[in-house]
Amino acid sequence: MRTLFLTLIAGAFAALTFTAAANADVTSLRGANKLEAPAKMFEKKRVETVTGGIKRSWKLQPPSIPHKIGKERINLEANTCLRCHGAEFYKKEKAPEIGLSHFVDAAGKKQETLNMRRYFCTQCHTTQVGAKPLVPNTF
Ligand code: HEC
Ligand code: HEC
């Protein structure tokens with residue numbers, strides 16, 4: 001009985017502490033938001049389309065994507081980026097072929113097909129929007 005009582009007290013205490021934490025304001029890069037309030041919809045940004053590509057900042061930078069990719073899918077069944085950038089299609093689609101480094105395995109050996117370390121294109125390549133940087137940087 002005594003143990004049950006103590007457990008109940010501990011439980012109630014934990015619940016109170018949790019509620020207190022949940023009511024606190026959360027300050028993040030998106031501003032101060034009440035945790036229990038629904039998140040504000042973020043401002044939608046338009047993806048920049050740049051004919052001729054986006055200039056690289058340094059030689060081996062993964063180039064930024066100069067077109068929209070909202071409809072592209074990269075999953076177990078398909079990678080729709082490859083229907084334009086893949087070795088068999090890029091000429092017909094007049095798209096740049098995926099970089100030579102994408103045909104090299106972890107040991108540095110050249111291979112005929114895309115190396116799977118490069119399958120998830122958007123891990124390295126991103127579209128661009130005209131957004132103000134969230135944190136200042138001098139890079
Ligand atoms: C319908 C064809 C098509 C599809 C699908 C497509 N691209 Fe492209 N992509 C292009 C073309 C064409 C260009 C060249 C645009 C230009 O230079 O004006 C390009 C340019 C690029 C570049 C810039 C290359 C450079 O050297 O500057 C990157 C990176 C890129 N695409 C990545 C992707 C990724 C990642 C996906 C999938 C999420 C994708 N693309 C899907 C046609 C496509
Ligand atoms: C691990 C990071 C990484 C991944 C994943 C990746 N890339 Fe790249 N990509 C790079 C880098 C770095 C370069 C520049 C060096 C080079 O050309 O190989 C590049 C270059 C390119 C280029 C320009 C090639 C040229 O000759 O101008 C295209 C197009 C491209 N990638 C498309 C893709 C597509 C499509 C995918 C997905 C199938 C993909 N990349 C996956 C890092 C990556």
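Scroll up to find the structure.
What counts, and where the lines are drawn
As a convention, each chain's residues are numbered from 1 in the sequence order in which they are written. Labels are handed out in written order, letters beginning with A for the chains and numbers beginning with 1 for the ligands. Local features are withheld for residues below a pLDDT of 70 in this predicted model, meaning they are given only at 70 or higher, and side-chain atom pairs are given and counted only at 80 or more; totals for whole chains, interfaces and linings count all residues. With hydrogens and water excluded, all non-hydrogen atoms of the structure serve as input to the side-chain values. Numbering of helices and strands runs from the N terminus; a helix is a DSSP stretch of H or I covering at least four residues, while a strand is a stretch of E covering at least two. Categorising residues by exposure relies on relative accessible area from a 1.4 Å probe, with only protein chains included: less than 20% of the type maximum marks a residue as buried, more than 50% marks it as exposed, and the intermediate range marks it as partly exposed. Should any heavy atoms of two residues lie within 4.5 Å, those residues are considered in contact. All accessible-area figures derive from a Shrake-Rupley calculation using a 1.4 Å probe, and residue coverage is judged against the displayed protein chains alone. Only nitrogen, oxygen and sulfur atoms within 2.8 Å of the metal, or 3.2 Å for Na, K and Ca, are treated as donors, and water is left out, so sites may look incomplete. A four-donor site is classed as tetrahedral when every donor-metal-donor angle falls between 85 and 135 degrees; four donors are called square planar, and six octahedral, when trans pairs exceed 155 degrees and all remaining angles lie between 65 and 115, with any other arrangement labelled irregular. Residues with no salt bridge and a relative accessible area higher than 30% make up the patches, which join like charges within 9 Å and nonpolar side chains (Val, Leu, Ile, Met, Phe, Trp, Tyr) within 5 Å. Salt bridges, as used here, are contacts in which a Lys or Arg side-chain nitrogen is within 4 Å of a carboxyl oxygen on Asp or Glu. The nearness test applies per residue and asks whether one of its heavy atoms lies within 4 Å of the molecule or strand. We call two N or O atoms a polar contact when they sit within 3.5 Å, provided that within protein one can donate a hydrogen and the other can accept it, with sequence-adjacent residues counted only if both atoms are side-chain atoms.

Engineer: Even after reading the chapter, I still don't get the overall build of the chain, so can you show me in this structure?
Structural biologist: A tally of helices and strands in the chain yields three helices and two strands. Scanning the chain from its N terminus toward the C terminus, one meets helices and strands in the order α-β-β-α-α. Residues classed as buried in the chain amount to 14% of the 139 residues present. Taking the intrachain contacts of the chain between residues at least 6 apart in sequence as the baseline, contacts between residues at least 24 apart amount to 35%. A total of about 12300 Å² of accessible surface is found on the chain, and carbon and sulfur atoms cover 63% of it.

Engineer: Explanation requested: the coordination of the iron atom of ligand 1 in the structure shown.
Structural biologist: By definition of the ideal shapes, a tetrahedral metal site with four donors has angles of 109.5 degrees and an octahedral site with six donors has angles of 90 or 180 degrees. The coordination sphere of the iron atom of ligand 1, as far as protein atoms go, consists of His67 (NE2) and His85 (NE2), spread over 1.9 to 2.0 Å. Considering all six donor atoms around the iron atom of ligand 1, the spread of angles at the metal, 88 to 178°, places the coordination shape in the octahedral class. With a gap of 18 residues between them, histidine 67 in the loop between strand 2 (31-34) and helix 2 (82-85) and histidine 85 in helix 2 connect regions that are remote in the sequence.

Engineer: Could you clarify how one ought to interpret the coordination of the iron atom of ligand 2 in this entry?
Structural biologist: At the metal site, the iron atom of ligand 2 is ligated by His102 (NE2) and His125 (NE2), and these contacts range over 1.9 to 2.0 Å. Given six donor atoms and angles of 88 to 179° at the metal, the environment of the iron atom of ligand 2 is assigned as octahedral. Taken as a pair, histidine 102 in the segment after helix 3 (90-93) and histidine 125 in the segment after helix 3 lie far apart in primary sequence, 23 residues in all. The burial state of histidine 102 is the same as that of histidine 125; both residues are buried.

Engineer: Where do I start with a nonpolar patch on the surface in this structure?
Structural biologist: On the surface, Leu29, Leu134 and Val135 cluster together into a nonpolar patch covering about 330 Å² of accessible area. Examined against the element boundaries, leucine 134 turns out to sit in the segment after helix 3. The exposed category is assigned to leucine 134, whose relative accessible area is 66%.

Engineer: Help me understand the site of ligand 2, please; the structure alone is not making it clear to me.
Structural biologist: Taken together, 24 residues form the shell around ligand 2, and within it Ser101, His102, Cys121, Cys124 and His125 come nearest. Contact between ligand 2 and serine 101: an oxygen atom at 2.4 Å from a side-chain N or O atom of the residue. Here histidine 125 contributes a side-chain N or O atom positioned 2.8 Å from a nitrogen atom of ligand 2.

Engineer: I'm lost on the pattern of salt bridges in this one. Help?
Structural biologist: Overall, the coordinates contain two salt bridges when judged by the stated rule. Of the charged contacts, one joins glutamate 72 and arginine 83 as a salt bridge, the two residues approaching to 3.5 Å between their closest N and O atoms. Residue glutamate 72 is located in the loop between strand 2 and helix 2, and its partner arginine 83 is located in helix 2; the two are separated by 11 residues in the primary sequence. A salt bridge links glutamate 93 to lysine 92; the nearest nitrogen and oxygen atoms lie 3.9 Å apart. Judged by its relative accessible area of 37%, glutamate 93 falls in the partly exposed class. Residue lysine 92 is classed as exposed on the basis of its relative accessible area, which comes to 70%.

Engineer: Would you mind showing me how to read the environment of glycine 70 here?
Structural biologist: Among the structural elements, glycine 70 can be located in the loop between strand 2 and helix 2. Under the relative-accessibility criterion, glycine 70 is labelled exposed at 63%. Between the C-alpha atom of glycine 70 and that of threonine 127, which follows or precedes it by 57 residues, the distance is 9.9 Å.

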